[in-house]
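Breakdown of the fold
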Amino acid sequence: MYAQWNAHGIRSLADAFLDAQVQYNDDAAWPGGGAHRGRAAVIARFEEVVEVLGLREAVVERVIHRGEEVAWVIRSTGRSPRADVPNDHRWGYTGRITGGKLVRFEAYYDADEAFATLARSV
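These numbers were taken from a predicted model, which means no experiment stands behind them. (Residues numbered from 1 in each chain as written. Predicted model: local features only at pLDDT ≥ 70, side-chain atom pairs only at ≥ 80, totals over all residues. Heavy atoms only, no water.)

1. Concerning the nonpolar core
Put simply, the test is: Working definition of a nonpolar core: buried Ala, Val, Leu, Ile, Met, Phe, Trp, Tyr and Cys residues. They are joined through side-chain atoms within 4.5 Å. Accessibility here uses a 1.4 Å probe with only protein chains present; expressed as a share of the type maximum, an area under 20% marks a residue as buried, one over 50% as exposed, and anything in between as partly exposed. Helix and strand assignments follow DSSP, with helices taken as H or I runs no shorter than four residues and strands as E runs no shorter than two, numbered in order from the N terminus. In this description, contact between two residues means that some pair of their heavy atoms is separated by no more than 4.5 Å.
With 24 residues, the main nonpolar core has Phe46, Trp72, Tyr93 and Phe105 as its most contacted residues. Elements supplying a minimum of two residues to this core: α1 (2-8), α2 (11-17), β1 (18-25), α3 (39-53), β3 (55-66), β4 (69-79), β5 (86-98) and β6 (101-108). Sorting elements by how many residues they give to this core places α3 first, with five residues. When residues no more than four places from it in sequence are discounted, the contact partners of Trp72 are Tyr2, Arg62, Val63, Trp91, Gly92, Tyr93, Thr94, Gly95, Leu102, Phe105, Ala114 and Phe115. Counting eight residues, the second largest nonpolar core, distinct from the first, contains Ile64, Ala71, Tyr108 and Leu118.

Next comes the structure, spelled out in structure tokens:
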């Protein structure tokens with residue numbers, strides 16, 4: 001999924017990997033964050049984040065799954081186009097995959113919190 005995103009952007013993977021009614025929740029630490037429901041809203045949110053941060057690449061570092069529940073960490077890198085500031089951050093996510101598609105996922109600014117959350121939920 002992330003290889004496709006890196007090569008072609010989030011729109012290229014949305015139909016294959018995101019449920020039509022997917023729900024995404026930003027980490028509360030993210031300025032202006034919130035909940036985004038539906039494929040179009042999630043795509044718009046990630047396009048906004050990519051533009052603001054100037055993200056160029058996201059690489060999966062680790063994935064753990066417990067049935068349909070999953071946690072993963074990515075390292076995203078880029079350079080903010082407005083401030084010309086480099087960024088390199090590890091993001092954590094938890095989610096639920098049903099029928100091969102993400103139906104719900106949440107971001108964690110503290111990447112390791114994603115694994116801790118998964119451990120507490122099962």
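Resuming the write-up.
2. Points about unusual backbone geometry
Residues other than glycine predominantly adopt negative phi, and peptide bonds predominantly adopt the trans conformation. One non-glycine residue with positive phi stands out, namely Asp84, at about 55°. Considering the arrangement of structural elements, one finds Asp84 in the loop between β4 and β5. What makes Asp84 partly exposed here is its relative accessible area of 48%.

3. Observations concerning the sheet that holds β6
Convention followed: Here, any two strands with at least 2 DSSP bridges between them count as paired. Note on method: axes are straight lines fitted to C-alpha atoms, helices fitted across the in-contact stretch only, with angles between N-to-C directions ranging 0 to 180 degrees.
With mixed pairing, the six strands of this open sheet are ordered in space as β2-β1-β6-β5-β4-β3. A single partner strand is all that each edge strand has here, and the edge strands are β2 (35-37) and β3. Adjacent strand axes in the sheet meet at a mean angle of 20° when their direction is disregarded. As judged from the four bridges shared by β1 and β6, these two strands associate in the parallel manner. When the sheet's bridge partners are listed, Tyr24 is paired in β6 with Phe105. Sitting on the sheet, α3 is in contact with β1, β2, β3, β4, β5 and β6, with an inclination near 50° to β1.

4. Section: α3
Test applied: Expected helix span is given by 1.5 Å per residue-to-residue step, counting one fewer step than there are residues. When we speak of the arc, we mean the arc of directions from the helix axis to the C-beta atoms.
The end-to-end C-alpha separation of α3 is 21 Å, in line with the 21 Å expected for 15 residues at 1.5 Å each. Burial in α3 covers these residues: Arg39, Val42, Ile43, Arg45, Phe46, Val49 and Leu53. For α3, the angular spread of the buried residues around the axis is 160°, confining them to a single face. The outward face of α3, more than 90 degrees from its buried face, is lined by the exposed residues Ala40 and Glu51.

5. Side note on the pairing of β4
Judged by how many residues are buried, β4 sits mostly within the fold: eight of 11 residues are covered. The sheet contact formed by β3 and β4 spans 10 bridges and is antiparallel. Within the sheet, the bridge partner assigned to Arg62 lies in β4 and is Val73. In sequence, β3 turns back onto β4 through a hairpin of two residues, with Gly67 there showing a positive phi of about 65°.

6. Examining helix α4 (residues 111-121)
Of all the residues in α4, the buried ones are Ala111, Ala114, Phe115, Thr117 and Leu118. All buried residues of α4 lie within an arc of 160° about the axis, which places them on one face of the element. Exposed positions of α4 whose direction lies more than 90 degrees from the buried face are Ala119 and Arg120. Buried residues along α4 sit in contact with β3, β4, β5 and β6.

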